[in-house]
Amino acid sequence: VVGVLMAGNQVSVGGSSAHVYHAIDSTMGPKMDVAVTDFTITNPSAVDSYKRGDILTLEAELSNTGDLDYTDGGTVEFYYRNGVNEVAIDSSNSVPSLITGSSGTPATFSTTFDTSNLPLNSWTTQFGVRMKNLVGDIRATNNFATIEFDHDRAPLSMTPTVTGANVIERGESITVLARGDAN
């Protein structure tokens, strides 16, 4: 969007008109942009999955990726998806002032989550973090991050079967084949 302040309704070719007092392009100039720059989930009981009852730690890093210092607040919210619904885990943190440039340090937030609250039949759960109620931020596409985390469900055992002869003499051995289903 370009705004022009002029005395008349004509501008000469080449921009040398005496009637143009000021012109500005609102898309130019410094930008204010804060972002979720890192999001991790750790489980002390497993590397990349969970069992119901595990306690997960969700950690997010927020940084100022723009040209202007951010001081207008907002909320940091951790959540998980239950089907199509997003369920808040923790939304008690406020976005702090984020300084731009080399003097600005990222802000780190973390929360814990008990997986006992998750559905028993899920194969994977999507966890996320987002910043809400930001003022003046130019790009909303970097204000959130998500991670898919697998549910480590115990396999189901199938009926074991004897391979080869099922009648053996004393001192001989047999082989039993045990199979499982990944559940």
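Shown above is the structure to which this text applies.
Residues numbered from 1 in each chain as written. Predicted model: local features only at pLDDT ≥ 70, side-chain atom pairs only at ≥ 80, totals over all residues. Heavy atoms only, no water.

Student: Describe the sheet that holds strand β6 (residues 75-82), with residues and values.
Tutor: Strand order in the open sheet formed by five strands is β4-β10-β9-β6-β7, and the pairing between neighbours is mixed. At either margin of the open sheet sits one strand with a lone partner, and together these are β4 (49-50) and β7 (85-94). (Pairing = 2+ DSSP bridges. Helix = DSSP H or I, 4+ residues; strand = E, 2+ residues; numbered from the N terminus.)

Student: A description of the nonpolar core should follow, citing residues and the corresponding values.
Tutor: With 25 residues, the main nonpolar core has F39, L58, F78, F127 and V129 as its most contacted residues. Not counting the four nearest positions on each side in its chain, F39 is found in contact with L58, E59, A60, F78, F127, G128, V129, A145, T146 and I147. (Core = buried A, V, L, I, M, F, W, Y, C linked by side-chain atoms within 4.5 Å. Buried < 20%, exposed > 50% of the residue type's maximum accessible area, 1.4 Å probe, protein only. Contact = heavy atoms within 4.5 Å.)

Student: Help me get a handle on the side chain of N43, residues and values and all.
Tutor: Within the secondary structure, N43 sits in the loop between β3 (34-42) and β4. On the basis of relative accessibility, which here comes to 7%, the residue N43 falls in the buried class. At 3.0 Å, the side chain of N43 forms a polar contact with the side chain of D54. When sequence neighbours within four positions are dropped, the list of residues in contact with N43 reads S49, Y50, D54, I55, L56 and F149. (Polar contact = N/O pair within 3.5 Å; in protein donor to acceptor, adjacent residues only side chain to side chain.)

Student: Describe the sheet that holds strand β8 (residues 107-114), naming the residues involved and giving the relevant values.
Tutor: What the three strands build is an open sheet, ordered β3-β5-β8; its pairing is antiparallel. The open sheet has two free edges, formed respectively by β3 and β8, since each of these has just one partner strand. Pairs of neighbouring strands in the sheet enclose a mean axial angle of 20°, with direction left out of account. (Axes fitted to C-alpha atoms, helices over the stretch in contact; angles between N-to-C directions.)

Student: Would you mind going over the side chain of D137 in detail, with residue names and values included?
Tutor: Within the secondary structure layout, D137 lies in the loop between β9 (124-132) and β10 (144-151). Salt bridges are absent for the buried D137, whose nearest opposite-charge side chain, R139, sits at 7.2 Å. In terms of polar contacts, D137 uses its side chain to reach the backbone amide nitrogen of V34, at 2.8 Å. One polar contact links D137 to N143, side chain to side chain, over a distance of 2.8 Å. Aside from chain neighbours lying at most four places away, what touches D137 is M32, D33, V34 and N143. (Lys, Arg positive; Asp, Glu negative; His and termini not counted. Salt bridge = Lys/Arg side-chain N within 4 Å of Asp/Glu carboxyl O.)

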